[in-house]
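Architecture and fold: a report
One-letter residues, chain by chain:
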Amino acid sequence: QVQLVESGGGLVQAGGSLRLSCVASGRTFSTYTMGWFRQAPGKEREFVAQITRSGGRTYYGDSVKGRFTISRDNAKNTVYLQMNTLKPEDTAVYYCAGAPASDYTLWGQGTQVTVSS
């Protein structure tokens, strides 16, 4: 079974950048649509970004458009989230997720991102 492991979270000042990585085990990574979600304390989980199987199309939540970039390297079984111009409101646990079909059924354990003002 495919497992997802995120890394790259941490503490950064407002205006700074971080790059999250999510490595998938198994041989079927390229068959999954991949996404990033986040959840802040006391808030619902929020969609951040999505990338299609080939990497040809990307989609973003309104709150991160123009600041975050999702990408993937199928040869490395890895999806990335480049986060620029970070704001305190970006503070959350960020989750990598995979969708073999229409629904996200695979989830990583999450990585904490904290943006200080």
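The structure this text deals with has already been given above.
First, a word on what this report is: a plain description of the structure on this page. (Residues numbered from 1 in each chain as written. Predicted model: local features only at pLDDT ≥ 70, side-chain atom pairs only at ≥ 80, totals over all residues. Heavy atoms only, no water.)

**Let's talk about the state of the cysteines**
The full count for this structure, using the stated rule, is one disulfide. Across the disulfide from C22 sits C96; the S-S distance is 2.1 Å. One quick way to see it: the torsion about the S-S bond of C22 and C96 is about -75 degrees, and its sign makes the bridge left-handed. Of the two residues, C22 sits in strand 3 (residues 18-24) while C96 sits in strand 9 (residues 92-99), which places them 74 residues apart along the sequence. (Disulfide = S-S within 2.5 Å. Helix = DSSP H or I, 4+ residues; strand = E, 2+ residues; numbered from the N terminus.)

**Remarks on the side chain of T52**
In this fold, T52 is placed in the loop between strand 5 (46-51) and strand 6 (58-60). Within polar-contact distance, the side chain of T52 engages the backbone nitrogen of G56 at 3.3 Å. Contact partners of T52, with chain neighbours within four places excluded, come to T33, R57, Y59 and R72. (Polar contact = N/O pair within 3.5 Å; in protein donor to acceptor, adjacent residues only side chain to side chain. Contact = heavy atoms within 4.5 Å.)

**Some points on the packing of aromatic side chains**
Inspection of the entire model under this criterion finds four aromatic pairs. Where F37 meets F47, the ring centres are 5.7 Å apart and the plane angle is 70 degrees; that geometry is what we call edge-to-face. Of this pair, F37 sits in strand 4 (residues 33-39) while F47 sits in strand 5; the two residues are 10 residues apart in sequence, bridging distant segments of the chain. With a relative accessible area of 29%, F47 lands in the partly exposed category. Note on F37 and Y104: the rings are 5.0 Å apart at their centroids and 80 degrees apart in plane angle, and the pair reads as edge-to-face. Placement of the pair is F37 in strand 4 and Y104 in the loop between strand 9 and strand 10 (106-107), with a sequence separation of 67 residues. Classification of Y104 by relative accessible area gives buried; the value is 18%. Here a set of aromatic residues connected by ring pairs shows up, and it is made of F37, F47, Y104 and W107. Taking the ring centre of Y80 as reference, the NZ or CZ of R19 above it sits at 4.0 Å. One cation-aromatic arrangement involves R72 over F29; the distance from NZ or CZ to the ring centre is 4.5 Å. (Phe/Tyr/Trp six-rings, centres within 6.5 Å; stacked < 30°, edge-to-face > 60°. Buried < 20%, exposed > 50% of the residue type's maximum accessible area, 1.4 Å probe, protein only. Lys NZ or Arg CZ within 6 Å of the ring centre and 35° of its normal.)

**Focus on the pattern of salt bridges**
In the structure shown here, the tally under the stated rule is four salt bridges. A salt bridge links E46 to R38, with the nearest nitrogen and oxygen atoms 2.8 Å apart. For E46, a relative accessible area of 30% corresponds to the partly exposed category. R38 sits in the buried class, given a relative accessible area of 6%. Among the ionic pairs, R38 bridges to D90, the shortest N-O distance being 2.9 Å. (Salt bridge = Lys/Arg side-chain N within 4 Å of Asp/Glu carboxyl O.)

**A word on the environment of A24**
By secondary structure assignment, the location of A24 is in strand 3. Counting along the chain gives 72 residues from A24 to C96, while the straight-line C-alpha distance between them is 9.7 Å. Among all residues touching A24, those that are not within four sequence positions of it are V2, Q3, L4, F29 and N77.

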